[in-house]
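Architecture and fold: a report
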Amino acid sequence: MEWGGISTKQVVAVIATLADGREQVGSGFLALPGRVVTAAHCTVDKRTQEQPAALSVVRAFDGERTTARVRAASDEVDVAVLEVTADWWPHTAMPAQFGRVDRSRSGELHDCETVGYPVWQFDPASHHRDLAEFHGTIRRTEDAGSHYLVMRDRLLESVAAEAAFGPDVRSSWGGLSGALVFYAGIALGVVVQHQRRQGRAAIRIVPFDHIAGNAHATVRAIAVELALPSPESLPLAQPAATAKTQAEGVRAAGFALPPEVPHFTDRQDVVSALRRQLLDDLRTPGDTPTIAALSGPGGIGKTALALHVARDLRSEFAGGAMYLNLHGLESDRLDPHVAMTSILQRLGVVAGAVPESPAERVQMYNDRLSGMRMLLVLDNARDERQVRPLIPWSRTNAAIVTSRTVLAGLEEAHLFRLDVLAAEEAVLLLSRTVGDHRVASSPADAAAIVTMCGYLPLAVRICGRRLAARPGWSLATLRRRLEDERQRLAELYAGDLEVRASFQLSYADRNDEERSAFRRLGVPTVHNIPCWLLPAIVEEPAPDAGLLLEHLADAELIKDLDVDASGVLRYQYHDLLRLFARQLSAEEDPPEFASRCVERAAGAYLYWAERADAQLRPDRKRTILTGPAVRVRTESAEVETVLREDPLAWFDSERESLVALTRQTYDCGLWDATWELAGTLSDFCDMHGHWHDWATVNQLGLSAATEAGDIRAQGYMLHQRGVLDRLLSRLDDGADHHRGALARFREVGDRIWEAHTIREIGIIYTEQGRLPEALTELQHALGMFRELDLPRWTAYTLYCIGEAHRAEERREPAGAAFAESLAIARRIGDDRVEAMSLYSVGRVLAAEGRWDEAALSLEASLAAFSRVGDRLWVARNHLCLGDIAIRTDGSSAAVTHWSTAVRLLEDLGAPEAATARRRLDENATGEGQPPDLVRR
């Protein structure tokens, strides 16, 4: 819930419980995690100035109450900062943006606002005081010689207060002391009293720039608590256009819109109407969302217009503008709740904190957007069902939606139907694309070209790009070529086929190799196409793939995305162009062709993914189970380089495509490719905490292995699911999945994977505290690995046995197991098991009080895991080093380690994040005891 631009998530009541049991109520604001700003006189008995018996605060939005204590207070400015527990900070809250008013210039700040608990909202029957919102105006030069600001209600100023309300009636603003006053999302100051000489019409505010610049010791303490910079560093709250410019710079910088579409041709009538409608809705009170839906055929310019308007309006939205492509016309279009997760993560919510329940996710989404005043551009929606969950509930946010179809089912939306360009606009677009001088020299030919394009922006732009790429051509040459395609021109005017006809103009003008590449690349579900994929799909010898893709990009059949983080050049289909390519493939290629394209694309990804996985952990034999799926070897110097230097970067770049291809191979009935693709992602998802992706592909892989009747593959998928369950602390589920895997491996006689699975069951039993059973299973697995002569897994299993002994506080057998594990790992050069053993040896040494030796062992483990990019184990080492530092180096060093652990674990969504966060919180309050170094 929000009042204007102020979220009630952060509005609080300050309750002082007096000696006689009465409760004195004031207003306040949760400005920072653990910090409430209020008026100092709200924290004492107003009659006696004595300290209250107790002090507490109540959140407005849910009524939750917690104790508070004064961190800093000053009678000099009548402001106080209270401390509450850090976990009382709402998950969707945002720290207050403090600012100042330039009082050297005249002018007014209209629509300033504050929310608090005024006296007139008190109900004697229930002894409850309700929340109220107030709006007013600050005159910048009023009382410029004083340190205070005055906010006035113009309506109340226009009447004689005593005549209207009587001489004994208190100000309706009385009781707002402690509330914060905001303008355009910027907190200007703290209400300390209403101006009695102005009757009911005004309140007095202590500005934050006065607090920031005051040298008095008690005031400086407040500035430190709020982390206020110097007064001149605070952003200015300016009226009209200046405020808009500042809001854009301060608030919107974090969300970049895609670049402007080249040669955008203004549609002033639609742009003006759309802009006016959105602003009218934002400024008019109401309960319905603010939505504009742009519809029209593909290539009509919906996205270009939506982004143009979004840039124009961005200064009106203090929270910025955000763009999301919903890919609505692809077979694997973006699920609205997946899209919602993407937006939440851009807003700072870590992946593991997003609720699984769709209803809870929608609630978090709208709570997060509440009070932000943000503009969303939701591009390429398939239908109302895809976009409806993404529409913000709050009217102070707005959404511009684009779709091929009219979204009439969005009852609250303002509908805008985009038509073709006017003749003069189409010529202008051509002129901007090819050059004014060439069009000016051949106006009749230019008019004929845009007419044959049907005035569709995409078709006109394609023609312009062809001319720009061929400076030797005259406009008459292109005109004659278009006239040779009479059937195309007929199709341009064929209603729903007009977009296809526009694409056909460019497609038909390509040579055979380019047309084949366009059709084939559109079949696999790869959103950002790497240049190495084309040779894998084109089975016959092909010319330079990069040049072929450049030609397709020149024709605007695909989009050049430049190089990605892994150094690979990438391209992307527009949604409709991909659909067009797939339709062409169905018409022009053999029936089995589409499945063959998907299989070869999957084969190319399997080839690179297996090599990348091998580089993630080069110190061990492969544990990915391989099957009979096709591998397609391709050449790419860029990929070879990135696999040597940073295989994680390759997985980061290709993760979405690997997940999408796994789903597509399943849909095509390519069972072996499905479960093998799923297997290649397991190590990467483990190391980087992509739990949702891992669960998705694992389920597809298990279903595919079942469809294929591959018992061994089923065991492998169940084994991987058990590992994932354990990492997410779903231990009972993990044990069940491993038992299923064990039965299948025994059925096919695979003793190696039988041993792996027995070991994993032992690890789960250890984490469940079933230590005798754990040691039984782990010793069984150890015997099998010794018999099979697998030293790497012997060493790892010894490490697991040591962990089980350590959990029983049996340090001697734990140390012996770790020492043997470490010796084997060093002998065979297994850096990973060595690092894990060093970690556990360090913990055993720490439990014995041998702090220096323990720290050396843990630091060596940390260095090894940092080299391979295993963030989970890096975090675990930092957590333990913090536990040692609190005993040896003091809290500062410990907090540094714990903070790093919290950041990594929360980013991964790992259950251990709670332990690390508790360390920090207990240290901050001074209530914690040195942590137990024997148990995690």
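The name an unreviewed UniProt entry assigns to the protein is Tetratricopeptide repeat protein, from the organism Paractinoplanes rhizophilus.

When you go through the protein residue by residue, the secondary structure sums to 38 helices and 25 strands. The buried share of the protein, taken over its 936 residues, is 56%. Within the protein, residue pairs in contact and separated by at least 24 positions form 67% of the contacts whose partners lie at least 6 positions apart. When the accessible surface of the protein is summed, it comes to about 38,200 Å², and 50% of that surface belongs to carbon and sulfur atoms.

On to the environment of Ala536, then. Mapped onto the fold, Ala536 is located in helix α19 (residues 533-537). Ala536 sits in the buried class, given a relative accessible area of 0%. For the pair Ala536 and Ala601, spaced 65 residues apart in the sequence, the C-alpha separation amounts to 6.5 Å. Not counting residues within four places of it along the chain, the set of residues in contact with Ala536 comprises Arg600, Ala604, Val632 and Thr634.

When you line up the elements, His210 lands in helix α3 (residues 208-213). Since its relative accessible area comes to 16%, His210 is described here as buried. Leave out the neighbours within four places in its chain, and His210 touches Val77 and His147.

Turning our attention to the environment of Val420. Mapped onto the secondary structure, Val420 falls in the loop between β22 (414-417) and α11 (423-434). With a relative accessible area of 30%, Val420 lands in the partly exposed category. Each C-alpha atom, one on Val420 and one on Ile300, is 6.4 Å from the other, the two residues being 120 residues apart in sequence. Apart from residues lying up to four places away in sequence, Val420 is in contact with Arg267, Ile300, Gly454, Tyr455 and Leu456.

Right, let's talk about the pairing of strand β4 (residues 23-32) for a bit. With eight of its 10 residues buried, β4 lies for the most part within the structure. By the bridge criterion, seven bridges tie strand β3 (residues 11-17) to β4 in an arrangement that is antiparallel. For Ala16, the partnering residue across the bridge sits in β4 and is Gln24. What sits between β3 and β4 in their antiparallel hairpin is a turn of five residues, with Gly21 showing a positive phi close to 95°. Of the pairings in the sheet, the one linking β4 to strand β5 (residues 35-39) comprises four bridges and is antiparallel in character. Residue pairing for β5: Phe29 is matched across the bridge by Val37. In this structure, the hairpin formed by β4 and β5 is closed by a connection of two residues, where Gly34 is found at a positive phi of approximately 80°.

For the protein, the average pLDDT comes to 82, and 85% of its residues sit at 70 or higher. Considering each helix and strand of the protein separately, the mean pLDDT is smallest for helix α5 (residues 240-251), with a value of 36, and largest for helix α29 (residues 731-748), with 96. For the stretch residues 155-170, pLDDT sits under 50, and the model shows 15 contacts to residues farther than four places along the chain or on other chains. Between residues 240-254, whose pLDDT stays under 50, and residues either more than four places distant or in other chains, the model counts 27 contacts.

A few words on the nonpolar core. Counting residues in each nonpolar core, the largest one holds 138 residues, and the members touching the most others are Phe518, Trp532, Leu533, Tyr605, Trp650 and Phe651. If sequence neighbours within four positions are ignored, Trp532 has contacts with Val568, Ala604, Tyr605, Trp608, Thr634, Glu635, Ser636, Val639, Trp650 and Glu654.

Neighbouring strands of a sheet are bound in pairs by backbone hydrogen bonds; such pairs are parallel or else antiparallel. Taken together, the five strands give an open sheet; going across it, the order is β19-β20-β21-β18-β22, and neighbouring strands pair in parallel fashion. Edge positions in the sheet fall to β19 (320-325) and β22, since each has one partner strand and no second. On average, each strand axis in the sheet is tilted by 15° relative to the strand beside it, whichever way the strands run. Looking at chain direction, β19 and strand β20 (residues 374-381) are connected through six bridges and run parallel. Within the sheet, the bridge partner assigned to Met322 lies in β20 and is Leu376.

A few words on the packing of helix α31 (residues 771-787) against helix α32 (residues 791-807). Helix-helix packing is described using two parameters, namely the angle between the two axes and the distance between the axes. Orientation of α31 relative to α32, taken along the N-to-C sense of each, is 165°, at an axis distance of 9 Å. On the basis of their axis angle, the class for α31 and α32 is roughly antiparallel. For the crossing formed where α31 meets α32, the hand is left-handed. Facing Leu771, Leu775, Leu778, Gln779, Ala781, Leu782, Phe785 and Arg786 of α31, the residues of α32 in contact are Trp793, Thr794, Thr797, Leu798, Cys800, Ile801, Ala804, His805 and Ala807. The class makeup of the residues in the contact of α31 with α32 is 12 nonpolar, four polar and one charged.

Moving on, we come to the sheet that holds strand β8 (residues 69-74). One open sheet holds the seven strands; their spatial order is β7-β6-β3-β4-β5-β9-β8, and the pairing between them is antiparallel. Both edges of this open sheet fall to β7 (65-67) and β8, since each of them pairs with a single strand only. On average, adjacent strands in this sheet sit at an angle of 30° to one another, irrespective of strand direction. Set on the sheet, helix α4 (residues 217-225) makes contact with β4, β5, β8 and β9 (79-83); between it and β8 the angle comes to about 130°.

Positive phi outside glycine occurs at Ala227, with the angle close to 55°. Mapped onto the elements, Ala227 comes out in the loop between α4 and α5. Given a relative accessible area of 61%, Ala227 falls into the exposed group.

The interhelical angle for the contact between helix α35 (residues 851-868) and helix α36 (residues 871-888), taken along N-to-C directions, is 160°, at an axis separation of 9 Å. Relative to α36, α35 is oriented roughly antiparallel. Crossing hand, α35 versus α36: left-handed. The segment α35 lies against α36, with Trp851, Ala854, Ala855, Leu858, Glu859, Ser861, Leu862, Phe865 and Ser866 engaging Trp873, Val874, Asn877, His878, Cys880, Leu881, Ile884, Arg887 and Thr888. Tallied by class, residues from the contact of α35 with α36 come to 11 nonpolar, five polar and two charged.

Relative to the assigned elements, Pro628 resides in the loop between α22 (593-616) and α23 (637-645). Note on Pro628: relative accessible area 61%, which makes it exposed. Here the alpha-carbon distance between Pro628 and Ala673, two residues 45 residues apart in the chain, equals 8.2 Å. Discounting residues that sit within four places of it in the chain, Pro628 has contacts with Asp672 and Glu676.

Here we take up helix α7 (residues 302-313). With 12 residues, α7 should reach 16 Å at 1.5 Å per residue; the first-to-last C-alpha distance of 16 Å fits that figure. Along α7, the residues that are buried comprise Lys302, Ala304, Leu305, Ala306, Leu307, Val309, Ala310 and Leu313. Residues of α7 that are buried make contact with α6 (268-283), β18 (290-295), β19, β20 and β21 (398-403).

Another aspect to go through is the pattern of salt bridges. Close approach of charged atoms allows side chains of opposite charge to pair. Under the defined criterion, the tally for this structure stands at 48 salt bridges. Arg570 is paired through a salt bridge with Glu654; the nearest N and O atoms lie 2.4 Å apart. Here Glu654 lies in helix α24 (residues 647-667) and Arg570 lies in strand β25 (residues 569-572), a separation of 84 residues in the sequence. Looking at Arg570, the relative accessible area reads 4%, which means it is buried. Between Asp725 and Arg730 there is a salt bridge, and its shortest N-O distance comes to 3.4 Å.

Once that is clear, we can look at the packing of aromatic side chains. Two measures describe an aromatic ring pair: the distance that separates the ring centres and the angle between the ring planes. The final tally for this structure, using the stated rule, is 20 aromatic pairs. Here Tyr796 and Tyr799 contribute two aromatic rings whose centre-to-centre distance is 5.9 Å and whose plane-to-plane angle is 20°, an arrangement assigned as stacked. Of this pair, Tyr796 and Tyr799 both sit in helix α32, three residues apart, roughly one helical turn. By relative accessible area, Tyr799 is classed as buried at 5%.

Each α-helix turn comprises 3.6 residues. Residues three or four places apart therefore point the same way. Three or more residues of helix α8 (residues 336-346) are buried, namely Pro336, His337, Ala339, Met340, Thr341, Ile343 and Leu344. Put simply, Asp335 is the residue that caps the front of α8, since its side-chain oxygen is 2.8 Å from the backbone nitrogen of His337. Positive backbone phi, approximately 105°, marks Gly348, located one or two places after α8.

Rules used throughout
Residues numbered from 1 in each chain as written. Predicted model: local features only at pLDDT ≥ 70, side-chain atom pairs only at ≥ 80, totals over all residues. Heavy atoms only, no water. Helix = DSSP H or I, 4+ residues; strand = E, 2+ residues; numbered from the N terminus. Buried < 20%, exposed > 50% of the residue type's maximum accessible area, 1.4 Å probe, protein only. Contact = heavy atoms within 4.5 Å. Areas by Shrake-Rupley, 256 points an atom, 1.4 Å probe, with all protein chains shown as cover. Pairing = 2+ DSSP bridges. pLDDT = per-residue confidence, 0-100. Core = buried A, V, L, I, M, F, W, Y, C linked by side-chain atoms within 4.5 Å. Axes fitted to C-alpha atoms, helices over the stretch in contact; angles between N-to-C directions. Parallel < 35°, antiparallel > 145°, perpendicular 65-115°, else oblique. Left-handed = near helix turned anticlockwise from the far one by under 90°. Nonpolar A, V, L, I, M, F, W, Y, C, P; charged D, E, K, R; others polar. Expected span 1.5 Å × (residues − 1). Salt bridge = Lys/Arg side-chain N within 4 Å of Asp/Glu carboxyl O. Phe/Tyr/Trp six-rings, centres within 6.5 Å; stacked < 30°, edge-to-face > 60°. Polar contact = N/O pair within 3.5 Å; in protein donor to acceptor, adjacent residues only side chain to side chain.

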